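Given next are the chains, with one letter for each unit.
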Amino acid sequence: MNHHRFAQTPPLGWNSWDCYGASVTEEEVKGNAEYMAKHLKDFGWQYIVVDIQWYEPGANSSQYRPFVELEMDEYSRLIPAVNRFPSSAEGRGFKPLSDYVHSLGLKFGIHIMRGIPRQAVHQNTGILDSDHTARDIAHPNSICPWNTDMYGVDANTSGAEAYYNSLFKLYAEWGVDYIKVDDIAASKLYTTHVDEIKLIRKAIDNCGRDMVLSLSPGPAPLEFADVLQDNANMWRMTDDYWDQWQLLYDMFERCEKWSGLSGPGYWPDCDMLPLGHIGIRSVDGGGADRWTRFTKEEQVTMMTLWSVFRSPLMFGGELRDNDSWTLSLLTNEDILELNQNGTDSRLIFRDGDKVAWTAKAPNNSVYVALFNIGEAECEVEVPLEDIGLTKIMTAKDVWEKESIHVEDTVKARLAPHSSKLYKLT
């Protein structure tokens with residue numbers, strides 16, 4: 001697959017949704033980009049992603065305002081709201097903001113909804129390089145149940161390809177490196193929108209610019225794994241994920257199901273990391289302005305699972321407010337080595353609420369992750385022979401950054417919701 005040339009390792013980045021919902025501004029995007037360039041870029045973090053409704057002038061939270069006027073050009077394409085993104089004035093779109101992000105040595109991404117704006121269909125506006133109009137290609141019965149911005153596109157109409165090509169031509173002109181397409185990997189009303197996924201894949205391939213394609217929301221059906229691998233670089237295995245223990249608990253089963261279905265250029269996605277200062281203007285996830293409700297043990301458990309499974313890591317908090325603890329989660333070099341360069345990631349066993357995973361590292365090391373996802377303290381252990389080792393020269397506790405002694409078994413006494421990650425050489 002041509003698109004597997006990029007996102008060869010799981011993408012690392014920041015997304016505006018968990019802290020700002022649909023209402024992020026240019027100043028906030030720039031501020032988070034500046035923080036990433038200063039504190040995270042040297043560790044491999046690179047994507048700055050503007051989430052949903054950047055084209056909605058009155059967006060003020062994660063609650064969508066239904067059927068409002070959106071900013072759009074004459075070719076049925078949504079464009080940034082100038083009051084929120086001042087540099088986009090006079091038809092410049094996201095090019096100035098993208099240029100700024102690129103000037104910091106980072107990459108720029110945006111979120112879109114699948115389909116064509118409902119207002120384009122109602123106004124019957126044109127499509128670039130096509131004799132067809134918005135009304136000709138719309139599928140008015142194909143709607144998103146939680147957002148009123150779009151109708152689906154009927155892939156069988158002759159103007160559909162021209163419309164998607166025109167979108168990605170515009171995004172290429174803006175310098176977009178990463179595109180998150182929503183209401184497509186799974187749907188509350190329909191199944192996976194395969195026809196539109198294929199139109200988008202073709203449009204990206206024709207636009208002249210490499211773009212990572214991320215599909216949302218989930219849970220993407222396992223039976224579409226081949227389609228997702230063939231067309232996307234990452235896809236959500238879950239519905240929106242928040243700082244609630246039950247959602248993290250459920251992710252262990254999702255990772256087990258999708259284990260072995262990732263590789264260079266294609267990654268099942270556990271969703272954003274709701275860490276640090278979130279909910280600033282995003283009221284989703286059952287909370288308002290807050291620091292993550294996960295305990296420190298739960299934060300470590302989440303980072304360990306995402307990394308041994310090799311999910312993309314997209315940070316959801318306001319980066320500029322990070323404390324030293326939150327920053328330490330994002331800059332642990334062993335965790336990032338495991339996430340970016342691990343191989344043969346697999347579940348060793350799950351016995352009730354005792355879980356163990358392993359992956360190999362590039363330098364003949366082996367990582368072993370032990371989890372207690374239950375409500376009582378317990379001991380979790382793995383014999384060395386279960387991970388293909390007979391003896392160990394050195395062993396390191398990755399989070400505590402200290403050496404440990406291992407004989408014939410890797411084991412730990414774990415409090416509820418906690419974990420240990422060891423690097424064995």
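No experiment lies behind these values; they were computed from the predicted model shown.

How each quantity is defined
- Residues numbered from 1 in each chain as written.
- Predicted model: local features only at pLDDT ≥ 70, side-chain atom pairs only at ≥ 80, totals over all residues.
- Heavy atoms only, no water.
- Helix = DSSP H or I, 4+ residues; strand = E, 2+ residues; numbered from the N terminus.
- Buried < 20%, exposed > 50% of the residue type's maximum accessible area, 1.4 Å probe, protein only.
- Polar contact = N/O pair within 3.5 Å; in protein donor to acceptor, adjacent residues only side chain to side chain.
- Contact = heavy atoms within 4.5 Å.
- Pairing = 2+ DSSP bridges.
- Axes fitted to C-alpha atoms, helices over the stretch in contact; angles between N-to-C directions.
- Phe/Tyr/Trp six-rings, centres within 6.5 Å; stacked < 30°, edge-to-face > 60°.
- Lys NZ or Arg CZ within 6 Å of the ring centre and 35° of its normal.
- Salt bridge = Lys/Arg side-chain N within 4 Å of Asp/Glu carboxyl O.
- Parallel < 35°, antiparallel > 145°, perpendicular 65-115°, else oblique.
- Left-handed = near helix turned anticlockwise from the far one by under 90°.
- Nonpolar A, V, L, I, M, F, W, Y, C, P; charged D, E, K, R; others polar.
- Domains from an automatic or database assignment.
- Buried area = accessible area lost by both parts, 1.4 Å probe.

(A) Region of the structure containing the side chain of serine 419. Position of serine 419 among the secondary structure elements: in strand β21 (residues 418–424). Residue serine 419 is classed as buried on the basis of its relative accessible area of 10%. Side-chain polar atoms of serine 419 contact the side chain of threonine 301, separated by 3.2 Å. Among all residues touching serine 419, those that are not within four sequence positions of it are Val300, Thr301, Thr304, Leu370, Phe371 and Leu414.

(B) Structural detail: the sheet that holds strand β10 (residues 267–269). Taken in spatial order, the eight strands of this open sheet run β10-β9-β8-β7-β3-β2-β1-β13, and their pairing is parallel. Of all the strands in the sheet, the pair left with one neighbour each is β10 and β13 (313–315). Strand-to-strand, the axes of this sheet are offset by a mean angle of 25°, without reference to chain direction. In this structure, strand β2 (residues 47–50) lies alongside strand β3 (residues 107–113), joined through four bridges in parallel fashion. Bridging across to β3, valine 50 finds its partner in isoleucine 110.

(C) Seen up close, the packing of aromatic side chains. This model, assessed by the stated rule, comprises 18 aromatic pairs. When the ring of phenylalanine 252 is compared with that of phenylalanine 371, the centres are 4.9 Å apart and the planes differ by 75°; the resulting orientation is edge-to-face. Of the two residues, phenylalanine 252 is situated in helix α9 (residues 245–258) and phenylalanine 371 in strand β16 (residues 366–372); the sequence distance between them amounts to 119 residues. Overall, phenylalanine 252 belongs to the buried group, its relative accessible area being 2%. Grouping aromatic residues by their ring pairs yields a cluster made of Trp54, Tyr55, Phe85, Phe94, Phe108, Phe168, Tyr171 and Trp174. In this arrangement the basic side chain of lysine 296 is found over the ring face of tryptophan 325, its NZ or CZ atom lying 4.7 Å from the centre. The positively charged end of arginine 350 is found above the aromatic ring belonging to tyrosine 249, 5.4 Å away from the centroid.

(D) Molecular detail of the pattern of salt bridges. Under the criterion given, the structure shown has 28 salt bridges. The closest approach of N and O atoms between arginine 236 and aspartate 240, which form a salt bridge, is 2.7 Å. Classification of aspartate 240 by relative accessible area gives partly exposed; the value is 32%. With a closest N to O distance of 3.3 Å, aspartate 334 and lysine 423 form a salt bridge.

(E) Layout of helix α12 (residues 333–341). Across the nine residues that make up α12, a large majority, seven, are buried. Those residues of α12 lying buried are Asp334, Ile335, Leu336, Glu337, Leu338, Asn339 and Gln340. Near the N-terminus of α12, the side chain that reaches the backbone nitrogen of aspartate 334, with its oxygen 3.1 Å away, is that of asparagine 332.

(F) Main features of the pairing of β21. The buried count for β21 comes to six of seven residues, which makes it a mostly enclosed element. Direction of pairing for β16 relative to β21: antiparallel, over a ladder of seven bridges. In the sheet register, valine 366 faces β21, and the bridge partner there is leucine 424. Summarising the sheet, strand β18 (residues 395–397) and β21 pair through three bridges and their orientation is antiparallel. If you follow lysine 396 over to β21, its bridge partner there is lysine 423.

(G) Summary view of the packing of helix α6 (residues 160–174) against helix α7 (residues 194–206). For the pair α6 and α7, the least separation of the axes is 8 Å and the interaxial angle reads 50°. Judged on the interaxial angle alone, α7 and α6 are oblique. Once α6 is placed against α7, the crossing between them reads as right-handed. Facing α6, whose interface residues are Ala160, Glu161, Tyr164, Asn165 and Phe168, α7 presents Glu196, Leu199, Ile200, Lys202, Ala203, Ile204 and Asn206. Classifying every residue of the contact of α6 with α7 by side-chain character gives seven nonpolar, two polar and three charged.

(H) Examining the domain arrangement of the protein more closely. For the protein, the domain assignment lists domain 1 (3–341) and domain 2 (346–424). A straight line from the C-alpha centre of domain 1 to that of domain 2 covers 33 Å. Three residues, Phe252, Val308 and Asp334, lead the burial of domain 1 against domain 2; their summed loss comes to 24% of the area buried on that side. Remark: the boundary between domain 1 and domain 2 carries three salt bridges. Connecting domain 1 to domain 2 are 13 residue pairs in polar contact (both at pLDDT 80 or more). Every element with two or more residues in the side of domain 1 that touches domain 2 is listed here: α9, α10 (296–309), α11 (324–330) and α12. Of the residues that constitute the side of domain 1 that touches domain 2, the class distribution is twelve nonpolar, six polar and six charged.

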